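Residue strings, one per chain:
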Amino acid sequence: IAGSLTGCFGWWSQLLTTDQAVLRGIACPSATTCVAVGWTGASGGNGRVEVTTDSGAHWSAQTVTPLVDAVSCGDAQHCVAVGAGDILASADSGSTWTAGTGASTAIGGSVSCPDAGHCWALGQGQSMLASSDGGATWHTQTWTLPAQFGGPIGGPWTFGGSTMASVACPSVTVCVAVGQADYGWVPPPETTLPPQSAFPAVVVTT
């Protein structure tokens, strides 16, 4: 971890572990508190959480059961971490974590909590997971993409799926998610072209 919370006049680095751990995401809800998440290396298959409450001078480490790769904190006490298939919530600045219930099968990679109670995380396919109790329980919200579109050549191009990569929620009523869709086109049999694929970018807004 390299960081400066004093106006970015300089950076200083710290080696936090010697067990091949990987840190994948970090959230700093205040000038003194940051929560970093990832997974351990040597113990194989566990999540890693690192917490500082003194602007990065000292860090405390803990191991959690699922692998986690993104974290968001609505305030200095409430944080939500996500990984592939798992959601964890903390109400004590990352000291302890509990698994979210309900529609909690996340795809990992991104979570956004605009305040202490509300969070959104990427779900499977064309879905978003939403929580209004700080990550304790979750429900699924969905959207649709066009079944067909004109495509770069020929057409129509038929929808085959989508993969969302990131979500950002600046308030409890506004969220934007981005990713990529997969469309396919089967050329007419009189041509010699093989089946074609197109991958347009996707922006989903509420």
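Quick notes on the rules
Residues numbered from 1 in each chain as written. Predicted model: local features only at pLDDT ≥ 70, side-chain atom pairs only at ≥ 80, totals over all residues. Heavy atoms only, no water. Helix = DSSP H or I, 4+ residues; strand = E, 2+ residues; numbered from the N terminus. Buried < 20%, exposed > 50% of the residue type's maximum accessible area, 1.4 Å probe, protein only. Areas by Shrake-Rupley, 256 points an atom, 1.4 Å probe, with all protein chains shown as cover. 1 Å grid on protein atoms, 1.4 Å probe; cavity = no way out; pocket = protein on both sides within 12 Å on 5 of 7 lines; lining within 4 Å. Points joined across faces, edges and corners; volume = space filled by probe spheres on them. Nonpolar A, V, L, I, M, F, W, Y, C, P; charged D, E, K, R; others polar. Disulfide = S-S within 2.5 Å. Pairing = 2+ DSSP bridges.

**Some details on the overall build of the protein**
Then, in step 1: When helices and strands are tallied, the protein shows 0 helices and 20 strands.
Then, in step 2: The C-alpha extent of the protein, read off along each of the three principal axes, is 70 × 35 × 35 Å.
Then, in step 3: Classification of the 206 residues of the protein by burial places 39% in the buried group.
Then, in step 4: When the accessible surface of the protein is totalled, it reaches about 10,300 Å², and 57% of it is carbon and sulfur.

**With respect to the environment of G161**
Then, in step 1: Position of G161 relative to the elements: it lies in strand β17 (residues 157-168).
Then, in step 2: Here G161 falls in the buried class, since its relative accessible area comes to 16%.
Then, in step 3: Spatially, the C-alpha atoms of G161 and L193 are 22 Å apart, while their sequence positions differ by 32 residues.

**Here we look at the layout of surface pockets**
Then, in step 1: Its boundaries defined by the atoms lining it, the largest pocket holds a volume of some 150 Å³.
Then, in step 2: Sorting the residues of the lining of the largest pocket by element identifies β15 (137-142), β18 (176-185) and β20 (201-205) as the ones contributing at least two each.
Then, in step 3: Looking at the lining of the largest pocket residue by residue, the class counts come to 8 nonpolar, 4 polar and no charged.

**Some remarks on the state of the cysteines**
Then, in step 1: Applying the stated rule across the entire model yields 4 disulfides.
Then, in step 2: Covalent S-S linkage joins C28 and C34, the inter-sulfur distance amounting to 2.1 Å. Because the sign of the S-S torsion sets the handedness, a value of about 110° for the bond joining C28 and C34 places this disulfide among the right-handed ones.
Then, in step 3: In this structure C28 comes out as partly exposed when scored by relative accessible area, which is 40%.
Then, in step 4: On the accessibility criterion, C34 (4% relative accessible area) is buried.
Then, in step 5: Put simply, C113 and C119 are joined by a disulfide, and their sulfur atoms are 2.0 Å apart. Where C113 bonds to C119 through sulfur, the torsion about that S-S bond is close to 110°, and the disulfide is right-handed. For the pair C113 and C119, a shared accessibility class is recorded, and that class is buried.

**Here we look at the sheet that holds strand β10 (residues 98-99)**
Then, in step 1: Spatial strand order, β7-β8-β9-β10: 4 strands in an open sheet with antiparallel pairing. Sheet topology places β7 (70-73) and β10 at the edges, where each strand pairs with a single neighbour.
Then, in step 2: As judged from the 5 bridges shared by strand β8 (residues 79-83) and strand β9 (residues 86-90), these two strands associate in the antiparallel manner. What sits directly across from A81, in β9, is L88.

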